[in-house]
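Structure at a glance
Here's the letter readout for the chains.
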Amino acid sequence: MAQVALRNIVKTFDKTPAVQGIDLDIADREFIVLVGPSGCGKSTTLRMIAGLEEATSGEIYIGDQLVNDVPPKDLDIAMVFQNYALYPHMTVFENMSFGLRLKKFPKAEIKERVQGAARILDITELLDRRPKQLSGGQRQRVAMGRAIVRNPKVFLFDEPLSNLDAKLRVQMRTEIKKIHQKVTTTTVYVTHDQVEAMTLADRVVIMNAGRIDQIGSPHEVYHSPKTQFVAGFIGSPTMNMLPCRLVENGSRLTVRLSDWLSLPVPPSRVARYRARVGKELTFGLRPEHIIEGRGDVPPGAAAFEAPLDVVEPMGMETMVYFIVDGVEVCGRVNPAAAGRVGESMRLVADLNQMHLIDPHTQMVI
Amino acid sequence: MTTAIADAGHTPGVRYGSISQGRRRTLYWSYFFLILFVIVFLTPPVYMFITSLKSSAEISAASNPWWVYNPTLSNYADLLTQKTYLIFFRNSAVVSLCVVTITMLISVLAAFSPRMKFWGSATLATGVFLAYLIPDTLVFIPLFKTFAFIHDKRGIELINHWWVLIILLPTLTVPFCTWIMIGYFASIPKELDEAALIDGAVYPDADKIFIPVALPGIIAAMIFCFTVSWANFLYGLAFTTSADQLTLPVGIVTTLIRGDVYAWGQIMTGALLGAAPPLIIYAFLMDYYIAGLTAGATKG
Amino acid sequence: MADVVARDLTLSTAHRRLTMQKFVRRKSTIAFFMCLPLILVVACLVVYPAFYSISLAMMNKSMQHFVGFGNFAFLLKRNTFWMVVEQTVLFAVTAVIFKALIGFIAAHFVHNLPAKGQRKWRGMLLIPWVIPPAMSTLAWFWLFDPSYSAFNWVFAQLGIPQVAWLGNPYWARFAVILVNVWVGSPFFLIMYLAALKSVPEQLHEAAMIDGASWWQKIWYINLPMMSNIIQITALFSLIVTFANFDIVKILTNGGPVDQTHVFATWAFNWAISGNDIPLGASVSLFMAPILALAAVLILRNVRQRGNEA
């Protein structure tokens, strides 16, 4: 077990910058997830930690050791690939024991470790099979088994669940979480799926175009996003974003979204936003904070009426969509209270959860 | 939120360059050995060239064989104006071109058939492959006898005529060319067949659709066919004896074996010129050449 | 009534024509005809001679009488015959082993290079295979010449004793194998390079992370995954090398003292130069069992590859 540190890591491929200055500290035994859209540099960063790519500049530390120039075979790490990368001509047992056999571990210990890992992953009956006889989920478990058996300082996962179908993905996600609870190795996990990031991570690192936009616990990145990108990336369905303007109203501030819709800013935020009155801003509010109106409006919230454009019953909840100045806004309401398309419905927005974003800097205010 | 790291013992430093030391070293070793290989592989042809520029005087003087002190083009001039050599060249050229034509006709037709899935297509493919494996050295003696036999019985003179090779060489080329093209044709989607049929094409018209798509395979097969015909030595040696009937490889070698005084300058020039056509084709169409090579075993 | 009959007649002729057309159009018929030239070529020029040689081998020298296995018995008693067997096997096996080794090693080096540069190197390294073997053997003949050998000249400069490349039996065998390896290695290089490229790079990465050094990667990953191609190529080459004619004929013509003869050259000398066709045929028939075995092994490998794909 060891901590991992990245200092000002830069990686350019043939003049194209893939990673532009990453600073990251990962604590021992932490499960950290690098998440972001394709091409944001998360896989490249992972591969640099693994020693499969050489950093153009910057330092990487595993434990206290500077590992920039150390080849992968001398690092004490294990990696699980998206395509599993199982050796097709070896049995599952041989796949899992390969690393140990290379290091000339005694046979008895190899057997013990492999059996142990197989038990954790529930693949003991598969030990004599070849990879091509296994299903996708089984192959992924073998890949993880190969990593566990090594007992390394760091686990690296490179989008391991992307090749599985949706149901299997949910199942394996839980498995990975359970395994991390048993085998508490420091883990760096890369994915483009924000749900995986939120459910698995101790901390989430959101990357965009080669840079880190925000690092924080799932709760932090969800409720306190720092940039527009993070706000829009985390959470499904995505946060509603509307152009707006701050209007001063005596000692109060209102957010003017359109001719017919203006929402009051909660008093706690007035001081923060006062300086931006009159400017063009982006207003953000998550769909779950727009609910059906019933009875009293709680403090900080505001009620309004909107004609519904689309109604999507999801069973547990119903998504209602209405249009504000050409932009579709989504709200999450109780199925019983949902209105019908074309009809006007009373909705309540919890403005304690609002975000204002400066469109020029893309930062949350 | 990043936490400050306790940094006792960390030496800050910046690494530049995207190839690690280890990989750079492997690269240098690779170049080193490859240069060695290239030297070994290219020494004979280079030496052929060096010798071809030497006069016989210089050769017999036994000075440094690896360097030309008085380069001369007399060898080339002599050969190219010498009727015998030109005849060799002509014979080889005509034979090769004819063999290519015949082979392609036979092979293209035959390569089509597995697509139509008739009852013997799998056996055909295996049979073609086996036929390719039977070497010419196993077969040339009975063929020689057969030709002699035909001469005795019917008076048709088949031996000692260069055009006999046009009948014989397809044995060597047809199986492999068919094999190559079966592989290439197999990668053309069957939908093209059906689309053509729907459009009312009768099979002869299909060549407007298939041949362009199959062109790389055809080119590769043609190159292979030409190279094999041009380089053929055994059949030429066995079946032709008079100087005016010989093909190039046989011609150069037998001219050598008969004489007592070896005119090495001319021989090397002759050999180099003889190697030229395949080399030139290779230089321009290297990718097709290699595709033809690998088609046999990897498209298994 | 007449018009009905007439119409029936035209209908039936039309019907017959249609069936005829349908028969001709039927795919399998067309396919068969398209194959016909190939089948003819192979039957006449390959299959027939192969069988004819068996009957030839059983004739006496003037081809008047049938002597059964007389020719074979004659051969089996001759010392030269057993030398030829030993030599041919020695050449074929040694040459193929070295060709495979060189091809394997060179393929790895080429594969190591950045992708853009590989083409140039590959192009240069294939040249020995492109040059007609007869021509390049002449060049080697000149390089090995007893009086003017360029190699001996270099040896003289370095103070190393001269080598009778083609005069000494052991050196002559070495020379034949050397030229064979020189001509054939590029083929192995190309085949192995293609096979190497089909090994997924991620397997190498996984192996590196598992702790494998460069030779462990080759031993545990490349070799097993390429084993199918390695076997097919080796068997192919075994057949071709075993039946090789050009190199020995031009370089040594079987000498000195028959120490470099292979089946092909020995058969040629008996049949064409010595005018004893049946004996020549018998000699070349001895190649058949080994070739057949290799062919069967290749087929099995190719099928296996097809199944794995």
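Rules of the game
- Residues numbered from 1 in each chain as written.
- Chains lettered and ligands numbered in written order.
- Predicted model: local features only at pLDDT ≥ 70, side-chain atom pairs only at ≥ 80, totals over all residues.
- Helix = DSSP H or I, 4+ residues; strand = E, 2+ residues; numbered from the N terminus.
- Buried ≥ 20, exposed ≤ 12 C-beta atoms within 10 Å, placed from the backbone.
- Contact = placed C-beta atoms within 7 Å.
- Pairing = 2+ DSSP bridges.
- Axes fitted to C-alpha atoms, helices over the stretch in contact; angles between N-to-C directions.
- pLDDT = per-residue confidence, 0-100.
- Nonpolar A, V, L, I, M, F, W, Y, C, P; charged D, E, K, R; others polar.
- Parallel < 35°, antiparallel > 145°, perpendicular 65-115°, else oblique.
- Left-handed = near helix turned anticlockwise from the far one by under 90°.

In terms of helices and strands, chain C carries 15 helices and zero strands. Burial statistics for chain C: of 309 residues in total, 44% are counted as buried. Taking all contacts inside chain C whose residues are at least 6 apart in sequence as the whole, residues at least 24 apart take part in 67%.

All names here are of chain A. Across the sheet, which stays open at both edges, the five strands sit in the order β15-β19-β16-β17-β18 with antiparallel pairing between neighbours. Of all strands in the sheet, those bounded by a partner on one side alone are β15 (290-292) and β18 (327-333). The mean inter-strand angle of the sheet, taken between neighbouring strand axes irrespective of direction, is 50 degrees. In terms of strand pairing, strand β17 (residues 318-324) meets β18 through seven bridges, oriented antiparallel.

Another aspect to go through is the confidence of the model for chain C. On average, residues of chain C score 83 in pLDDT, and 88% of them are at 70 or above. Reported confidence for the predicted complex is 0.82 by ipTM and 0.84 by pTM.

Right, let's talk about the interface of chain C and chain A for a bit. Counting residues at the interface gives 14 residues for chain C and 16 residues for chain A. Looking at the side of chain C that touches chain A, the elements with two or more residues in it are α10 (201-210) and α11 (214-242) of chain C. When residues in the side of chain C that touches chain A are grouped by element, the largest group, seven residues, is from α10 of chain C. For the side of chain C that touches chain A, a count of residues per class yields eight nonpolar, four polar and two charged.

Bringing the packing of helix α13 (residues 264-284) of chain B against helix α7 (residues 133-143) of chain C into the picture now. Contact geometry for α13 of chain B and α7 of chain C: axes closest at 9 Å, N-to-C directions at 155 degrees. When the axis of α13 of chain B is compared with that of α7 of chain C, the two are roughly antiparallel. Crossing hand, α13 of chain B versus α7 of chain C: left-handed. Taken together, the residues of α7 of chain C that come into contact with α13 of chain B (itself represented by W264, I267, M268, A271, G274 and A275 of chain B) are M135, L138, A139 and W142 of chain C. Per-class residue counts for the contact of α13 of chain B with α7 of chain C are nine nonpolar, one polar and no charged.

This part is about the pairing of strand β16 (residues 301-313) of chain A. All names here are of chain A. The pairing of β16 with strand β19 (residues 344-350) spans seven bridges and is classified as antiparallel. For P307, the partnering residue across the bridge sits in β19 and is S344. Two elements, β16 and β17, share five bridges in a ladder whose sense is antiparallel. When the bridges of β17 are listed, L308 appears paired with F322. The turn joining β16 and β17, which pair antiparallel and follow one another in sequence, is formed by four residues; a positive phi near 95 degrees is taken by G315.

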